[in-house]
Amino acid sequence: MSLEAFAPSEPLTLGVELELAIVNRHDYDLSPSSADLLRLMAKRKIPGDVKPEMTDSMIELSTGICRHHADALGQLTEIRDALVECARKLNVGLCGGGTHPFQDWSERRIFNTPRFHMLSELYGYLSKQFTIFGQHVHVGCPGPNEALVLLHGLSRFIPHFIALSASSPYVQGTDTGFHSARLNSVFAFPLSGRAPFCTTWEDFRLFFEKMTRTGVVQSMKDFYWDIRPKPEYGTIEVRVLDTPLTIDKAAALAAYIQCVSRWLTVEQPYELAEDDYLVYTFNRFQACRFGPEGTFVDPKSGEHRSLREDILATLARLESHAIELKAEAALDYLRLELERHGNDATWARQVHAREHLLPELVRRQCERWAGERGDD
């Protein structure tokens, strides 16, 4: 199977995908209600799309093409409101968070599509453990070579994206000690991790052909990389973010990625090199484990500093690009978040420390997703 052509795309446009948990209103465990929710949503006109995910207690929403932060926030709001209204008709709740805090993976059921059943047969119990919830952000690129250069430039900021979006401290009723435990499930898949260091589409095509000859890969969907090209859309797709607890946070994170992408494209502040990846796995682990307080090793200088420090320094460098992209409000949102909770994982721990009940935490997460309470 050959690699498909890279579609034309408007540079720096955005697309946002969010995977959501569906929970019952009794004990706030997961509810196998995706088919019913999708049936109701099929009657609603929304700017993007809603579709099933691996198991039947989760769904994925996606925006259409967005050009700036307000556009993304507006589309997400419209889709969220329609989903919440349909969910209420079924007496179920919807929430973000990279993991459900106490669900038992063994009770999950694979959603009835040929691809999901194929993946279940291939990956076994990992498929049900993939009942986790992430945010994916697509960034439009003018061509395939530019897409690969942007992909590797953004790889330096993968720890930023993880630390800011982390919302999965609990797994099966236990505090894991991680800010993003969700990514531990992703890393279990054999084709996860980083993309190969190819900066031209011709080199990437040769890599893809070698992989398809092995029989391990049939399409780009088989790669679970942290960032991957999406040639059919003309984008790269950032895949490491946990699903935030609010659409405001989701839109702000997408705008942050857009601003970093513009900075990298316009100013080209770093010369790409394979050696940049020497500290990649360490930095990524630090972000998953400790969030903004994790250690960040600068790939160029080797300097050690906290992720919080590097994120704040990056936000300062992005100011002119945020103005050009109408994203000032998004970056202000993230600065305030760093000052208050740091991320949604810390907020979740603070709620649980007060309530001592994980179902109450999920109930509060449902309220936040529906826009019914603030960031208390």
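Residues numbered from 1 in each chain as written. Predicted model: local features only at pLDDT ≥ 70, side-chain atom pairs only at ≥ 80, totals over all residues. Heavy atoms only, no water.

Participant: Got a minute to help me understand the overall build of the chain in this structure?
Facilitator: Helix and strand content of the chain: 15 helices and 13 strands. A globule of 376 residues ought to have a C-alpha radius of gyration of about 21 Å, and the chain, at 20 Å, matches this closely. Projected onto the principal axes, the alpha-carbon positions of the chain cover approximately 55 × 45 × 35 Å. Looking at the chain as a whole, 58% of its 376 residues qualify as buried. Partitioning the intrachain contacts of the chain with sequence separation of at least 6 by distance along the chain shows that 76% fall at a separation of at least 24. Accessible area for the chain stands at about 15,100 Å²; split by element, carbon and sulfur atoms hold 51% of it. Side chains of the chain carry 41 positive and 52 negative charges; the gap between the two charge centres is 3 Å. (Helix = DSSP H or I, 4+ residues; strand = E, 2+ residues; numbered from the N terminus. Rg over C-alpha atoms; globule rule 2.2 N^0.38 Å. Buried < 20%, exposed > 50% of the residue type's maximum accessible area, 1.4 Å probe, protein only. Contact = heavy atoms within 4.5 Å. Areas by Shrake-Rupley, 256 points an atom, 1.4 Å probe, with all protein chains shown as cover. Lys, Arg positive; Asp, Glu negative; His and termini not counted. Charge placed at Lys NZ, Arg CZ, Asp CG, Glu CD.)

Participant: Could you clarify how one ought to interpret the packing of aromatic side chains in this entry?
Facilitator: How two aromatic rings sit relative to each other is given by the distance of their centres and the angle of their planes. Inspection of every chain in the model, using the stated rule, returns 15 aromatic pairs. Measuring from ring centre to ring centre gives 5.9 Å for phenylalanine 157 and tryptophan 263, while their planes differ by 65°; the resulting arrangement is edge-to-face. Note that phenylalanine 157 is positioned in the loop between helix H5 (144-155) and helix H6 (158-165) and tryptophan 263 in helix H9 (residues 247-267), a separation of 106 residues in sequence. The pair phenylalanine 157 / tryptophan 263 is uniform in exposure class, with both members buried. Ring geometry for phenylalanine 204 against phenylalanine 207: centres 6.0 Å apart, planes inclined by 40°, an arrangement best described as tilted. Of this pair, phenylalanine 204 and phenylalanine 207 both sit in helix H8 (residues 201-214), separated by 3 residues, roughly a single helical turn. Here phenylalanine 207 falls in the partly exposed class, since its relative accessible area comes to 21%. Members of the aromatic cluster, each reached through a chain of ring pairs, are Phe6, Trp201, Phe204, Phe207, Phe208, Phe223 and Trp225. (Phe/Tyr/Trp six-rings, centres within 6.5 Å; stacked < 30°, edge-to-face > 60°.)

Participant: Whenever I open this one, the packing of helix H14 (residues 344-355) against helix H15 (residues 358-369) confuses me. Can you help?
Facilitator: What describes two packed helices is the angle between their axes and the distance between those same axes. Here H14 crosses H15 at 130°, and the two axes come no closer than 9 Å. Judged by the inter-axis angle, H14 sits oblique to H15. For the crossing formed where H14 meets H15, the hand is right-handed. When H14 is examined against H15, the residues Asp344, Trp347, Ala348, Val351, His352, Arg354 and Glu355 are found in contact with a partner set consisting of Leu358, Glu360, Leu361, Arg364, Gln365 and Arg368. Looking at the contact of H14 with H15 residue by residue, the class counts come to 5 nonpolar, 2 polar and 6 charged. (Axes fitted to C-alpha atoms, helices over the stretch in contact; angles between N-to-C directions. Parallel < 35°, antiparallel > 145°, perpendicular 65-115°, else oblique. Left-handed = near helix turned anticlockwise from the far one by under 90°. Nonpolar A, V, L, I, M, F, W, Y, C, P; charged D, E, K, R; others polar.)

Participant: What exactly am I supposed to notice about helix H3 (residues 114-123) here?
Facilitator: Along an α-helix, a turn takes 3.6 residues, which lines up residues three or four apart on a common side. The complete set of buried residues in H3 reads Phe116, Leu119 and Tyr123. What you see down the axis of H3 is that its buried residues fit within an arc of 60°, all on one side. Exposed and facing more than 90 degrees away from the buried side of H3 are Pro114 and Glu121. (Arc of directions from axis to C-beta.)

Participant: Whenever I open this one, the pairing of strand E3 (residues 58-62) confuses me. Can you help?
Facilitator: Looking down a regular strand, the side chains alternate between one sheet face and the other. Most of E3 is tucked away, with 5 of its 5 residues classed as buried. Burial of E3 is two-sided: the residues Met58, Glu60 and Ser62 facing one way and the residues Ile59 and Leu61 facing the other way are all buried. The pairing of strand E1 (residues 14-24) with E3 spans 5 bridges and is classified as antiparallel. Along E3, the bridge assignment pairs alanine 21 with methionine 58. Bridging between strand E2 (residues 49-52) and E3 involves 4 bridges; their strand directions are antiparallel. By the bridge assignment for E3, valine 50 is matched with leucine 61. (Pairing = 2+ DSSP bridges.)

Participant: Which parts of the structure should I look at to understand the environment of valine 279?
Facilitator: In this fold, valine 279 is placed in the loop between H9 and helix H10 (280-290). Linking valine 279 and glutamate 4, residues 275 residues apart in sequence, is a C-alpha distance of 32 Å.

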